[in-house]
Every structure is written in structure tokens, then in C-alpha cells.
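This is what each chain is made of:
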Amino acid sequence: SYHYYVEKFYDMVKINRDLRDLDFKKNLEAKQAFCEAAEKLSENENVVEAFRELQKLHEQWKEFGPVAKEYREDIWNRFKAATAVVNKRYQAYFEDQKSKQAENLEAKQKLCEQVEAIAEKDVQSSNEWNALSKEIEDIQKQWKGIGFASKKENQKIYDRFRAACDKFFEKKRVF
């Protein structure tokens, strides 16, 4: 009976190893699919959406079990490399957004200075008032064409612009 139980024990060990190897194989296939999906994300035009999808892939990656030791390092490096590409694009996108917002802020500041200079002029005729009004309206159209500045600065610059315009039109109304 001892030999019977020893044989049964080793049969169970073999089955366990076979199942573990099968599990490793399935996990490897799943993780290769994750790598391919992450690599395809680098081609996605919408950087923010690609980043969100990458986060989901990371969550799914963690849910799957390990792979065989000989593949662990390679598969992780492949996934990490694909992740790095998407992350770099994501960071570059927001750096680009920051620079655009800085340019927009600078352009809006110039428009504010123009309106403030116009508002300070001493105007004596209605023809001058009409010409300056037309100029202010053109500047307002330019303002609308410029994109947003940073969240922190956007309201401040808008209030400055609005105050300059209001000052001009108040002076015109009084005239």
C-alpha cells in the first residue's frame, strides 16, 4: 500500500506540473496579446484615449498569473517598452498643450495692451469713435479666435480684456 500511495503522490505532482505549465502557456499568450495591444496604442492618434486604454491594459496585466521563468523578463520588457512609448507621447502632448497655452496667453496679453491703449486715447469726434469701435470689434474677433490660456491665467486675462473694452465703451457712451 505504501508503493501505491507513493505512486499516486507522484502522479498528482506530475498532473500539478502539467496544469501549471498549461497555465503558464495561457498566461504567456494573454500577455503577448497585451503587448500587441499596447504596441498598437502607440499608433492611436488620440493620445489621451491611448493612455486610458494603456491603464486598463496594466490592470488586466496584473490580474493574469505568472509565465514561465524563461519568458518573464522578455515579456515584461516588451510590455514596458510599449508602455514607455505611449507614456512619452502622453507627456509630449501635455507639454505641447502647455506651450500652446503660453503662446495664447501672450497673444491675449498683446490684445489687452492694444485695447487698453485705445481706451486711453482722447477722442474728440464721432468718426474717430466709430473707427476705434470697429478696431475694438476686430480685436474682439481675434480674441475669440485665440485658444485658451492656462486655467490659472485664463479668467484673469479675460477680466483684464473685458475691463479694457468696458472702459472704452463707457467713455464712448459718455461722449
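Refer to the structure printed above.
Throughout, a residue's number is its position along its own chain's written sequence, starting from 1. Two thresholds apply to this predicted model, a pLDDT of at least 70 for residue-level local features and 80 or more for giving and counting side-chain atom pairs, whereas whole-chain, interface and lining totals are computed over all residues. For the side-chain quantities, the full set of heavy atoms in the structure was used; hydrogens and water were omitted.

(A) The arrangement of the side chain of Thr 83 in detail. Checked against the element boundaries, Thr 83 lands in helix 3 (residues 69–120). Any two residues whose heavy atoms approach within 4.5 Å at even a single point are treated as in contact. Once residues within four sequence positions are removed from consideration, Thr 83 is found in contact with Leu 54 and His 58. To qualify as a helix, a DSSP run of H or I must reach at least 4 residues; to qualify as a strand, a run of E must reach at least 2; elements of each kind are numbered from the N terminus.

(B) Here's a closer look at the nonpolar core. Take the buried residues of types Ala, Val, Leu, Ile, Met, Phe, Trp, Tyr and Cys, join any two whose side-chain atoms come within 4.5 Å, and each joined set is a nonpolar core. Per-residue accessibility, obtained with a 1.4 Å probe over protein chains only, is compared with the maximum for each type, and a residue is labelled buried under 20%, exposed over 50%, and partly exposed between these values. Ranked by internal contacts, the top residues of the largest apolar core, which has 19 residues, are Val 115, Phe 161 and Phe 168. Counting only elements with at least two residues in this core, the list comes to helix 3, helix 4 (126–145) and helix 5 (151–174). Considering every element that reaches this core, the biggest residue donor is helix 3, with 6 residues. Apart from residues no more than four positions distant in its own chain, Phe 161 is found in contact with Leu 111, Cys 112, Val 115, Ile 139, Gln 140 and Trp 143. Core analysis: the next-biggest nonpolar cluster, separate from the first, contains 14 residues, Ala 38, Leu 41, Phe 79 and Val 86 among them.

(C) How the structure looks around the packing of aromatic side chains. Stacked, tilted and edge-to-face pairs are distinguished by plane angle, under 30 degrees for stacked and over 60 for edge-to-face with tilted covering the rest, among Phe, Tyr and Trp rings (Trp via its six-membered ring) whose centres lie within 6.5 Å. With the rule as written, the count across this model stands at 14 aromatic pairs. Between Trp 76 and Phe 79 the ring centres are 6.1 Å apart and the planes differ by 40°, which places this aromatic pair in the tilted class. You can see Trp 76 and its partner Phe 79 sitting in helix 3, 3 residues apart, about one turn around the helix. Ring centres 5.0 Å apart and planes at 80° place the aromatic pair Tyr 93 and Phe 94 in the edge-to-face group.

(D) Examining a nonpolar patch on the surface more closely. Patch construction takes residues with relative accessible area above 30% that form no salt bridge. Like charges are linked within 9 Å, and nonpolar side chains (Val, Leu, Ile, Met, Phe, Trp, Tyr) are linked within 5 Å. Only the protein chains shown count as covering a residue, and every accessible area follows the Shrake-Rupley method with a 1.4 Å probe. Whenever Lys or Arg places a side-chain nitrogen within 4 Å of a carboxyl oxygen from Asp or Glu, that contact is recorded as a salt bridge. Taken together, Met 12, Ile 15, Leu 19 and Leu 22 make up a surface patch of nonpolar side chains, about 400 Å² in accessible area. Summarising the element assignment, Met 12 is placed in helix 1 (residues 2–41).

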